[in-house]
Amino acid sequence: MLDKYLPRDTDGWSWTLAQISDIKDLVDLSYSMYNNEIDTIFTTDLGLLARNIAQGIITQTYNPLDEQIICARDTAGRMIAWAWMERGGYVTYAPEEIAEAKFAHVALDLSPRKRITLLAQILQQWELWATICNVPVIVSTTIRRDQTAFLHLHEQAGYEIRGSFGYKRIL
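Scope of this entry: the structure provided in the associated data block.

Procedures and definitions
Residues numbered from 1 in each chain as written. Predicted model: local features only at pLDDT ≥ 70, side-chain atom pairs only at ≥ 80, totals over all residues. Heavy atoms only, no water. Axes fitted to C-alpha atoms, helices over the stretch in contact; angles between N-to-C directions. Helix = DSSP H or I, 4+ residues; strand = E, 2+ residues; numbered from the N terminus. Parallel < 35°, antiparallel > 145°, perpendicular 65-115°, else oblique. Left-handed = near helix turned anticlockwise from the far one by under 90°. Contact = heavy atoms within 4.5 Å. Nonpolar A, V, L, I, M, F, W, Y, C, P; charged D, E, K, R; others polar. Salt bridge = Lys/Arg side-chain N within 4 Å of Asp/Glu carboxyl O. Buried < 20%, exposed > 50% of the residue type's maximum accessible area, 1.4 Å probe, protein only. Pairing = 2+ DSSP bridges.

## Observations regarding the packing of helix α3 (residues 112-133) against helix α4 (residues 148-156)
Across the interface, α3 lies against α4 with an axial gap of 10 Å and an inter-helix angle of 45°. The orientation of α3 relative to α4 falls into the category oblique. At the point where α3 passes α4, the crossing takes the right-handed sense. Every residue of α4 that contacts α3 at Ile116, Leu119, Ala120, Leu123 and Trp126 is listed here: Ala149, Phe150, Leu153 and His154. For the contact of α3 with α4, the per-class residue count stands at 8 nonpolar, 1 polar and no charged.

Right, dumping it as structure tokens:
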């Protein structure tokens, strides 16, 4: 498991539920660090991303068991990571509800150790949230070119990896 990555006072950052005031920093982190991963496939629309994040935050505010958007800021207040999970998905061949990861973004200019720790903490938060929501399966995927470390961390957390997808039954 990933218990060695549980949040500590010495981490140098803290996690919170995202607020409307965080949207610009969430969009900026996503664009600056990850746009080159999708720009040959999709047309980036930062206004659309901001609107969808805002809708997710509003949903989370009024229905916290429907979506979870979390973010981490370092002690200087810089947004260094954020993640978004949504429930309500189903595969066409099974009755179990799934919680699906939409984003797990970490500032790529951080040390590898900090990036891994932040991602491990995201996975832990996703599992805790899905357990609270009574959603039996988590699905996480990546579009990144370099997926090895991300998916290996999922394996360490007990996910079954199939291609670029990680699946974990938690209930």
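## Re the pattern of salt bridges
According to the stated counting rule, one finds 11 salt bridges in the structure shown. Linking Arg169 and Glu96 is a salt bridge whose minimum nitrogen-to-oxygen distance equals 2.9 Å. In this pair, Arg169 is assigned in strand β7 (residues 165-169) and Glu96 in the loop between β3 (79-90) and β4 (97-106), connecting sequence segments 73 residues apart. Arg169 gets classed as partly exposed once you look at its relative accessible area, which sits at 48%. Since its relative accessible area comes to 28%, Glu96 is described here as partly exposed. Residue Lys168 pairs with Glu127 through a salt bridge whose shortest N-O separation is 2.6 Å. Here Glu127 lies in helix α3 and Lys168 lies in strand β7, a separation of 41 residues in the sequence.

## Focus on the environment of Pro64
As for its position among the elements, Pro64 is in the loop between α2 (46-62) and β2 (67-74). Residue Pro64 is classed as partly exposed on the basis of its relative accessible area, which comes to 46%. Sequence separation between Pro64 and His105 is 41 residues; the distance between their C-alpha atoms is 21 Å. Setting aside residues no more than four positions away along its own chain, Pro64 makes contact with Thr59 and Trp129.

## Thoughts on the sheet that holds β3
Ordered in space as β1-β2-β3-β4-β5-β7-β6, the 7 strands form an open sheet in which the pairing is mixed. Bordering the open sheet on either side are β1 (13-17) and β6 (160-162), each of which pairs with just one other strand. Taking the axes of each pair of neighbouring strands and ignoring which way they run, one obtains an average angle of 20° across the sheet. Note: β2 against β3, 7 bridges, orientation antiparallel. Bridge pairing in β3 links Glu67 to Glu86. Together, β2, β3 and β4 form the strand contacts of helix α1 (residues 23-38), whose direction differs from that of β3 by roughly 95°. The sheet contacts of α2 involve β1, β2, β3 and β4, and relative to β2 the element is tilted by about 110°.

## Considering unusual backbone geometry
Positive phi is not limited to glycine here, since Asn134 has a value of about 65°. Counting through the fold element by element, Asn134 comes out in the loop between α3 and β5 (137-141). Of the residues examined, Asn134 reaches a relative accessible area of 55% and is grouped as exposed.

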